[in-house]
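Residue-level listing of the chains:
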Amino acid sequence: MTPDVRPLDYAAMAKEAGLTAFVVLMLAVVLVGLELRDVPGALALYTRVPDVVAACVIAFIGRIAVILLREGYRDAVMIGGGIASVILLIGLLPEVLFGTQTAVKIANRLMPFEAPVVRWCVFAAALILAARAAIGRRRLRVQDVNARVAAADRAGARMQHIARYAGPALGFAAVALPIVYGHDQQAMSVAILVMTYIMLGWGLNIVVGLAGLLDLGYVAFYAVGAYTFALLATTEGIEWSFWLCLPMAGALAGLVGVLLGFPVLRLRGDYLAIVTLGFGEIIRVVIQNWASFTKGPNGITGIPRPTLFGLSWEEEAPEGQTAFWQWFSNNLWPVEYSAAHEKIFLFYIILFLALIVNWFALRARKMPIGRAWEALREDEIACRSLGINPTNTKLTAFGCGAMFGGFAGAFFATSQGFVSPESFVFIESAIILAIVVLGGFGSQLGVVLAALLLIGLPEVFREVKDFRMLAFGLAMVAIMLWRPAGLLAHREPTVRLKTARAGAKP
Amino acid sequence: MNRPLLEVEHLTIRFGGLVAVNDVSFTAQDRRITAVIGPNGAGKTTVFNCLTGFYKPTIGRMRLMHAATGREFLLERMEGFRIAAEARVARTFQNIRLFPKMTVLENLIVAQHNRLMRASGYTVLGLFGYQGYRRAEAAAIDRARYWLDRTGLTPRADDAAESLPYGGQRRLEIARAMCTEPVLLCLDEPAAGLNPRESDELNALLRYIRDEHRIGVLLIEHDMSVVMQISDHIVVLDYGRKIADGAPAAIRADPAVIRAYLGEPEEAA
């Protein structure tokens, strides 16, 4: 036994675990237990008693395991958690491997949840508890926020160290992704979606992470970019190509950013957040109601896809164009037409655009403008006393962020082929901001991780339908508890005296 | 006789019905340390905030002369950041205002923003690795290193500014102000919270700045040991009015100053 084992107070233990189970009960009854279903002619109340009971029992047992771990009974938790995970694994694996009726029935008997992904979460929890008990030299202890921030900073510093390799490695992984998953259109769609959010996250990171301007209306610039391209490409008589419209979409979004920024950027902190929130909604409402120009809530359809040097991705190329697969077959080696080619192409476009934003953000940080952004975030009054023009500096940050949002918007329009005001609601801004905040303000790699987590996770949880946003919420709560400053919160200096000394002239 | 570096004439600042500064005139010379003293609430910091553009005066004129070029600036007509960028008036703050999360060196580089901004072609050239910007950045680091050596902060150059001890933060703020290459340096209570040894070091630093860099220093200070030792000229404010103006010895003997601020002679000694 471990030396520092405390005697157990069973009553207190039961009380604590019971309280946890009660909270779970209250949440589960409302969220899971009751559901109104539309049966022909009426609404029927549908109940899921086994799910609720199972959730409470699991919460009770889990809490007791956490208490035991806290009080030093590592062996007991390790053995109990291990046994539980083995049983769950044996019970759940056949369903995945064979998918037979009996296997599904066994899994259901073991865990009466509808979606397999929830069962696997329980398994993961048991495994994590067992693993923590096995490797944890120390007791689980309650750290205060400062200690956690410091620990997160150390972890972030380590990550920065490996970021030198992890960054290019992730880049190569992204480049190689279509080679492995290119045939799977579903997977490529998710990859494109995640990549779009990574780009938006990197763009917003310039505004929020570097310059410290809390922008809750970022989706407005995304919308401006998307509609710029959609209108230019579909209006009769203009019909410009994607590659011609892309810079224009960025420029126009940047211009809108600067125009909005002028009156707004005098405000600070929460006030700025509220006004940008308002602007985000105003842009959406204008798009929705200016029907003669934007086609209103119906949206714009038939937005053309991008071409590769004039090569079309369709099976039958429109007049005056060549289809990619025909050209490729004629000039290199024969390929069949596949709709997946276009997805792969789109993925590479968004990857390229995102990497441009990343390159800009990393370079700009080491430029005087980037340092001024960071200084402005730290102390605006001190900046003014050093002769830095705060308005211009903020406007450049706002404009740059808006421009990249515009690029992403143009890409969104072309990849969907359809835009409508519904794509640019406030929750989009909130998700992009959440990616930046959870990633750790100003951390490029953190944005990637957070985007994978926040966009990828709801996709994984798609089978639990309405509850997938719950997974999103749980992830947010978990990160706020364990990493209050973001996943990778660490600021690397933009210049060091030690390295500068070697290079500078005497 | 030379024109003074700074001429403040009939400066009056009202906040609503409150007259914070009332018809104050004084001058500050090149290569001189001018101290502004007075009891709490006398309006010293308000004068500073006016000089550096954070407040606009209700009445009055503040004229700054660049001796080298003969250019003249009317500070009351300039925006805050332009006073620092063009008239080259630098300041420190009573409650230190550093960039806490940035390193000591970065604090000093940010102070050279405008020069670096021009050198980087307003970022556009710099983004693509323009040689001229690299040279300018190396020069900026050299200037920063000079002031790090002067203030004894070189060993801490790559640490976050917030991790410095209090005295170090005070010195860093002065170094940062000097990195803007000012003609007039305004220090708002630089010795507040320093121990006697740090206070002596500060005196030496300020003398060095005055004698080697040949600029004017304007100083708000409560610590009479600092004021009397290093000031060349003292302006005394009380309730927003100037009650005395002169050399340290004369101020020490001035009955109005003793009554308002210094207290009885044996305490002042």
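The structure presented is a predicted model; accordingly, all values stated were derived computationally and were not measured.

Conventions adopted
- Residues numbered from 1 in each chain as written.
- Chains lettered and ligands numbered in written order.
- Predicted model: local features only at pLDDT ≥ 70, side-chain atom pairs only at ≥ 80, totals over all residues.
- Helix = DSSP H or I, 4+ residues; strand = E, 2+ residues; numbered from the N terminus.
- Buried ≥ 20, exposed ≤ 12 C-beta atoms within 10 Å, placed from the backbone.
- Contact = placed C-beta atoms within 7 Å.
- Pairing = 2+ DSSP bridges.
- Axes fitted to C-alpha atoms, helices over the stretch in contact; angles between N-to-C directions.
- Nonpolar A, V, L, I, M, F, W, Y, C, P; charged D, E, K, R; others polar.
- Parallel < 35°, antiparallel > 145°, perpendicular 65-115°, else oblique.
- Left-handed = near helix turned anticlockwise from the far one by under 90°.
- Right-handed = clockwise from strand over helix to strand, strands pointing away.
- Domains from an automatic or database assignment.
- Core = buried A, V, L, I, M, F, W, Y, C linked by C-beta atoms within 7 Å.

Caption draft 1: A look at the overall build of chain B. Scanning chain B for helices and strands turns up 12 helices and 10 strands. Along the three orthogonal principal directions, the C-alpha set of chain B runs to about 65 × 40 × 40 Å. The buried share of chain B, taken over its 269 residues, is 47%. The contacts in chain B between residues at least 6 apart in sequence include a share of 66% that link residues at least 24 apart.

Caption draft 2: Looking closely at the sheet that holds strand β10 (residues 241–246) of chain B. All names here are of chain B. In space, the six strands of this open sheet follow the order β6-β7-β8-β3-β9-β10, with mixed pairing throughout. Each edge of the open sheet carries a strand with a single partner, namely β6 (89–91) and β10. The average angle at which neighbouring strand axes cross in this sheet is 20°, direction not considered. Of the strand pairs in this sheet, strand β3 (residues 33–37) and strand β9 (residues 233–238) are connected by four bridges, and their pairing is parallel.

Caption draft 3: Highlighting the interface of chain B and chain A. Taken together, the contacts link 33 residues of chain B with 30 residues of chain A. Where the side of chain B that touches chain A is concerned, the elements lending two or more residues are α2 (80–85), α3 (104–110), α4 (113–119), α5 (124–127) and α6 (131–151) of chain B. The class makeup of the residues in the side of chain B that touches chain A is 17 nonpolar, nine polar and seven charged.

Caption draft 4: Looking closely at the packing of helix α1 (residues 10–33) of chain A against helix α2 (residues 49–70) of chain A. Residues and elements named next belong to chain A. Where α1 meets α2, the closest approach of the two axes is 8 Å, and the angle between their N-to-C directions is 150°. Overall, the two elements α1 and α2 adopt an arrangement that is roughly antiparallel. When you trace α1 past α2, the crossing you get is right-handed. In contact with M13, E16, A17, G18, T20, A21, V24, L25, A28, V29, V32 and G33 of α1, α2 contributes D51, V52, A55, C56, A59, F60, R63, I64 and I67. The residue makeup of the contact of α1 with α2, split by class, is 15 nonpolar, three polar and three charged.

Caption draft 5: Region of interest: the pairing of strand β7 (residues 184–188) of chain B. Residue and element names in this part refer to chain B. Among the five residues of β7, five are classified as buried, and the element is accordingly described as predominantly covered. Here β7 shows no split at all, with L184, C186 and D188 on one side and L185 and L187 on the other all buried. For β7 and strand β8 (residues 216–220), the ladder comprises five bridges, and the chain directions are parallel. Counterpart to D188 in the pairing with β8 is I220. Between the parallel pair β7 and β8, the chain is carried across by helix α8 (residues 196–213), and the sense of this crossover is right-handed.

Caption draft 6: Broad picture of the sheet that holds strand β4 (residues 59–65) of chain B. Residues and elements named next belong to chain B. If you walk across this open sheet you meet the four strands as β2-β1-β4-β5, and the pairing is antiparallel. Two strands bound the open sheet, and with one partner strand each, they are β2 (18–28) and β5 (72–74). Mean inter-strand twist for the sheet, computed between neighbouring axes without regard to direction, equals 20°. Note: strand β1 (residues 6–15) against β4, five bridges, orientation antiparallel. Bridging from a neighbouring strand, L6 pairs with L64 of β4.

Caption draft 7: Quick peek at unusual backbone geometry. Residues and elements named next belong to chain B. Notably, R88 is not glycine yet its phi reads approximately 60°, a positive angle. Of note, R88 is situated in the loop between α2 and β6. Classification of R88 by C-beta neighbours within 10 Å gives partly exposed; the count is 18.

Caption draft 8: How the structure looks around the domain arrangement of chain A. Along its sequence, chain A is organised into domain 1 (10–135) and domain 2 (153–491). For domain 1 of chain A versus domain 2 of chain A, the distance between C-alpha centres works out to 37 Å.

Caption draft 9: Local environment of the nonpolar core. With 194 residues, the main nonpolar core has M199, I350 and I435 of chain A together with L184 of chain B as its most contacted residues. The element best represented in this core is helix α7 (residues 185–210) of chain A, accounting for 15 residues. If we skip the residues at most four places from it in the chain, M199 of chain A touches I350, L353, A354, V357, F404 and A408 of chain A. Judged by nonpolar contacts, the second largest core, of 30 residues, contains A59, Y73, L88 and A133 of chain A.

Caption draft 10: Representation of the domain arrangement of chain B. Residue and element names in this part refer to chain B. On domain assignment, one finds that chain B holds domain 1 (1–88 + 182–269) and domain 2 (100–181). For domain 1 versus domain 2, the distance between C-alpha centres works out to 27 Å. In this assembly, 13 residues from domain 1 lie in contact with 11 residues from domain 2. Elements that contribute at least two residues to the side of domain 1 that touches domain 2 include exactly α2, β7 and α8. A total of four residues in the side of domain 1 that touches domain 2 trace back to one element, the largest contributor, which is α8. Looking at the side of domain 1 that touches domain 2, its residues break down into 10 nonpolar, one polar and two charged.

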